[in-house]
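Structural characterization, general
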Amino acid sequence: MNNDQQYDVLVIGGGHAGCEAATAAANMGAKTCLVTMDMNKIAQMSCNPAIGGIAKGQIVREIDALGGAMALVTDATAIQFRMLNRSKGPAVWSPRAQCDREKFIWQWRKVLDHTPLLDIWQDQADELLVDNGEVTGVKTIWGATLHAKCVVVTAGTFLNGLMHIGRRMVKGGRIAEPAVEHFTDSITRHGIRAQRMKTGTPVRIDKRSVDFSLLDIQEGEQDFHQFSFMGQPRPLQQLPCWTCNTNEEVHETLKSGLADSPLYNGQIQSIGPRYCPSIETKLVTFPDKPQHPLFLEPEGEETNEMYLNGFSSSLPMDIQLQALRKIPALRNVKVYRPGYAIEYDFFDPTQLKHSLESKLVRGLFFAGQVNGTTGYEEAGGQGTVAGINAALHCSGSEPFTMHRDESYIGVLIDDLVTKGVDEPYRMFTSRAEYRILLRQDDADARLTEKAYALGLAKRERYDWWLKKKEEIERLQHYCETTKVKPSTINAALERMGTTPLREGMKIADLISRPQLTFGILADCLPELKEQMERISERREEIVEATEIRIKYQGYIEREKMVAEKMHRLENIKIKGRFDYSQLQQLSTEARQKLEHIQPETLAQASRIPGVSPSDINVLLVLLGR
């Protein structure tokens, strides 16, 4: 590389958001450069070495359906897989995988190294270059000037990062890695507001010092489920996790260090994640709880390093170690490093469009923790959208956005740009009002054709989706048009404790019964079994998707109708049509919020906290609707 280079898209930061943004932009034909401080820590799992979880797993499948790489990399490096929420309906089933941390990094490097039009430059961004309200590139600490039509900022926790262990504070973006000290100032001088957030991570443990006989084992699942719609079965050795609990002795030891806790001595002023609190926060918030669950998770196939999920802390090192040794299984524990907290800069996401482009600087995009989110998955989803839209911006095309009924990524981005954040944002299924439409099994049905039209999803992925779609429709049609006689099925139905038939019934109506599945009926109906066996590839996945469609068809159709009504408000554009400060018919809070956010559509306005249905009706009247 020359030290003065021209690109279409620059991506700043090689974390989960940056990797997805860079590959998305390059795969869409944009000449792209990923700027990262350390090429050997691409897509580093700074905290838990796991991908997915409640609602997060759905986001990863959506990234995959769009043509991203997180799911493929996860499947290739997974050492344990589980489908969470199985006791509930499939609308909230969520895949989660424990990964080999080091192999995850190198699998991502392989993806980046084999992506055409993508360069990697190991350096640190120091100054954002802007001319006449439009981004033009960045300068680095080593004197390189990289010019670009678009810049995507995905700097994670590195912007003015400050780490805390007890009363000790060290500048850094991650343990043993430097903070980025000037880049925030080069952004805020253009009117973009920055604030501070905090997150933390637990102690890392040497498994050779653990008494596993005193822990409960938690095995993974070995069935057909995986993350990618395209990937191969998991190749690595599958390993268990282990569980235990804290106790009152642990709690007393931890409490003795609270005076030196940066969370409680005034050292940390910023807000941490509500849904992933430190162990000391749990003690203060839930003082009557005698114990809290802990999960000991492997960091890889061949390493002795283990992650103690549930024990995030920034207490002094000696307090952390003393408390751990009050847990019977950890009485002789050795640690690789203590837990720590980190504060960092983020930018108010209400300053962004739904494309994740800044409203203030043209061609400047933000994705990941710099938007106030937490989690690899939320970062990857934003990175995918930012990368797509940066490439589209370079070609002068219309931006790509997703409605709230199309993806969890769409919900995430709409929440960020409409409501903003006052704590690190984490996705949950409860944040989505169309959960039945946003299942993990149908992400490809929702998004792959859109991604193919954009040029992001490749032909192989698109062809596989068309084949899968055809198989689902064929099997569903067979079930909806084929009747079963009482004499054929009643004996089996009685054995299974479900009502026998008085007259013939279509297979689809039988499948709709909660007690019955394709697997059960195939044992009784040879012709149905034959229809299922005609599926040559990924049979279990296709059969499950068909079964869910049949069982939940009524709910799915009803939710689609509700979403269609909301789309009518999405089609009413209001950006630039009102001077909200002059609309005395609106409540004072609504005027202030609408003036601040400047929503694009009436639907977005309706989701702003403080804007009431009566305020929306006022706007409808003023629009002549």
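What you see is a predicted model; the values in this text were computed from it and never measured. (Residues numbered from 1 in each chain as written. Predicted model: local features only at pLDDT ≥ 70, side-chain atom pairs only at ≥ 80, totals over all residues. Heavy atoms only, no water.)

1. Some remarks on the overall build of the protein chain
As a reminder of what qualifies: Strands are runs of DSSP state E lasting at least 2 residues, helices are runs of H or I lasting at least 4, and numbering of each runs from the N terminus. Both definitions apply: the radius of gyration is a C-alpha atom measure, and the globule rule equals 2.2 Å times residues to the power 0.38. The buried label goes to any residue with under 20% of its type's maximum accessible area, the exposed label to any with over 50%, and the partly exposed label to all in between, with areas taken from a 1.4 Å probe on protein chains only. In this description, accessible areas are obtained by the Shrake-Rupley approach with a 1.4 Å probe, and a residue is regarded as covered only by the protein chains that are shown. Charged residues are defined here as Lys and Arg on the positive side and Asp and Glu on the negative side; His and the ends of the chain fall outside this count. Here the site of a charge means atom NZ of a Lys, CZ of an Arg, CG of an Asp or CD of a Glu.
In terms of regular secondary structure, the protein chain is built from 21 helices and 21 strands. The C-alpha atoms of the protein chain give a radius of gyration of 26 Å, which matches the 25 Å a tight globule of 625 residues would have. Along the longest, intermediate and shortest principal axes, the C-alpha atoms of the protein chain span 80 × 70 × 55 Å. Burial analysis of the protein chain (625 residues in total) assigns 58% to the buried set. Accessible area of the protein chain: about 26000 Å², with a carbon and sulfur share of 49%. In the protein chain, 76 positive and 82 negative side-chain charges are present, and the distance between their average locations comes to 2 Å.

2. What about the state of the cysteines?
Our working rule: Any two cysteine sulfur atoms within 2.5 Å of one another count as a disulfide.
According to the stated counting rule, one finds zero disulfides in the structure shown. Not engaged in a disulfide, the cysteine C33 finds its nearest cysteine sulfur in C19; these two sulfurs lie 13 Å apart. What makes C33 buried here is its relative accessible area of 0%. Considering cysteine sulfurs only, C394 is the nearest to C150, which forms no disulfide, with 3.9 Å between them. Judged by relative accessible area, C150 falls into the buried class, the value being 0%.

3. A look at the nonpolar core
As a reminder, the rule being used: Each nonpolar core is a collection of buried residues, namely Ala, Val, Leu, Ile, Met, Phe, Trp, Tyr and Cys, held together in the definition by side-chain atoms within 4.5 Å. Throughout, a contact is declared for two residues whenever any of their heavy atoms are within 4.5 Å.
Counting residues in hydrophobic clusters, the biggest one holds 101 residues, and the most contacted among them are V9, L10, I51, W108, V151, F183 and F366. In this structure W108 touches C19, E20, T23, I42, A43, A69, M70 and V73, once residues within four positions along its chain are discounted. I472, L475, A508 and L525 belong to the second-largest nonpolar core, a separate cluster that totals 28 residues.

4. Regarding the pattern of salt bridges
The cut-off we apply is this: Whenever Lys or Arg places a side-chain nitrogen within 4 Å of a carboxyl oxygen from Asp or Glu, that contact is recorded as a salt bridge.
Applying the stated criterion across every chain yields a total of 46 salt bridges. Note that R446 and D442 form a salt bridge whose closest N and O atoms lie 3.1 Å from each other. With respect to class, R446 is no different from D442; both count as buried. In this structure, R459 engages D463 in a salt bridge whose closest nitrogen and oxygen atoms are separated by 2.8 Å. Pair noted here: R459 and D463 are both in helix α12 (residues 459-481), with a separation of four residues, about one helical turn. Look at D463 and you get partly exposed, because its relative accessible area is 34%. Members of the salt-bridge network, linked through shared partners, are R404, D414, D415, K419, E433, E570 and R607.

5. Re the packing of aromatic side chains
The line we're drawing: Here a pair means two rings of Phe, Tyr or Trp (six-membered ring of Trp) with centres within 6.5 Å. Their orientation is stacked below 30 degrees between planes, edge-to-face above 60, and tilted elsewhere.
Applying the stated criterion to the full structure yields seven aromatic pairs. Considering the side-chain rings of Y275 and F428, the 4.6 Å spacing of their centres and the 70° angle between planes classify their relative orientation as edge-to-face. Here the residue Y275 occupies a position in the loop between α6 (248-255) and α7 (279-285), and F428 occupies one in the loop between α10 (408-419) and α11 (443-454), the gap between them amounting to 153 residues. Taking the centre distance of 3.9 Å and the plane angle of 0° together, the rings of Y452 and Y462 count as stacked.

6. Considering unusual backbone geometry
Residues other than glycine seldom take positive phi values, yet A55 does so here, at roughly 70°. Among the structural elements, A55 can be located in the loop between β3 (50-52) and α2 (56-65). The class for A55 is buried, based on a relative accessible area of 0%. Of note, the phi angle at A176 is positive, near 70°, even though the residue is not glycine.

7. Details of the pairing of strand β11 (residues 168-171)
The test is simple: Here, strands pair whenever DSSP counts at least two bridges between them.
Taken together, the four bridges between strand β10 (residues 162-165) and β11 define a ladder with antiparallel strand orientation. Note that in β11 the partner of M163 across the bridge is V170. Between the end of β10 and the start of β11, which pair antiparallel, lie two residues, with G166 showing a positive phi angle near 60°.

8. Describing helix α4 (residues 101-113)
Owing to its 3.6 residues per turn, the α-helix aligns residues three or four sequence positions apart on the same side. We count it as follows: To estimate how far a helix should extend, the number of its residues minus one is multiplied by 1.5 Å. In the analysis that follows, any N or O atom pair within 3.5 Å is treated as a polar contact, provided that within protein one partner can donate a hydrogen and the other can accept it, and provided that, for residues neighboring in sequence, both atoms belong to side chains.
A rise of 1.5 Å per residue sets the reference length of α4, with its 13 residues, at 18 Å; its end C-alpha atoms lie 19 Å apart and thus fit the reference within 8%. Capping of α4 at its N-terminal end is provided by D100; its side-chain oxygen lies 3.3 Å from the backbone amide nitrogen of E102.

9. A closer look at the environment of Y478
Here Y478 shows up in helix α12. When its relative accessible area of 13% is taken as the criterion, Y478 is described as buried. For the pair Y478 and K506, spaced 28 residues apart in sequence, the C-alpha separation works out to 9.3 Å. Ignoring any residue separated from it by four or fewer positions in sequence, one finds Y478 in contact with I507, E527, L528 and Q531.

10. So, the packing of α11 against α12
Basically, it comes down to this: The axes used here are C-alpha line fits, helices contributing only the stretch in contact, and every angle between their N-to-C directions lies in the interval 0 to 180 degrees. Any angle that is under 35 degrees is reported as roughly parallel, and any over 145 degrees as roughly antiparallel; angles of 65 to 115 degrees are reported as roughly perpendicular and all others as oblique. Crossings are assigned a handedness: left-handed for a near helix turned anticlockwise from the far helix by less than a right angle, right-handed for a clockwise turn.
The interhelical angle for the contact between α11 and α12, taken along N-to-C directions, is 140°, at an axis separation of 10 Å. The angle between α11 and α12 places the two elements in the oblique class. Crossing angle aside, the handedness with which α11 passes α12 is left-handed. Residues D444, A445, T448, E449 and Y452 of α11 form the contact with α12, whose own contacting residues are R459, R461, Y462, W465, L466, K468 and K469.

11. What about the side chain of T246?
On the secondary structure map, T246 appears in the loop between β14 (241-245) and α6. At 2.8 Å, the side chain of T246 forms a polar contact with the side chain of H251. Within polar-contact distance, the side chain of T246 engages the backbone nitrogen of H292 at 2.7 Å. Dropping the residues within four chain positions of it, T246 is found in contact with H251, I279, P290, Q291, H292 and L294.

12. A word on the packing of helix α1 (residues 16-27) against α4
Their axes nearest at 11 Å, the elements α1 and α4 cross at an angle of 20°. Compared by their axis directions, α1 and α4 come out roughly parallel. The handedness of the crossing between α1 and α4 is left-handed. Where α1 approaches α4, its residues H16, C19, E20 and T23 are matched on the opposing element by F104, W108, V111 and L112.

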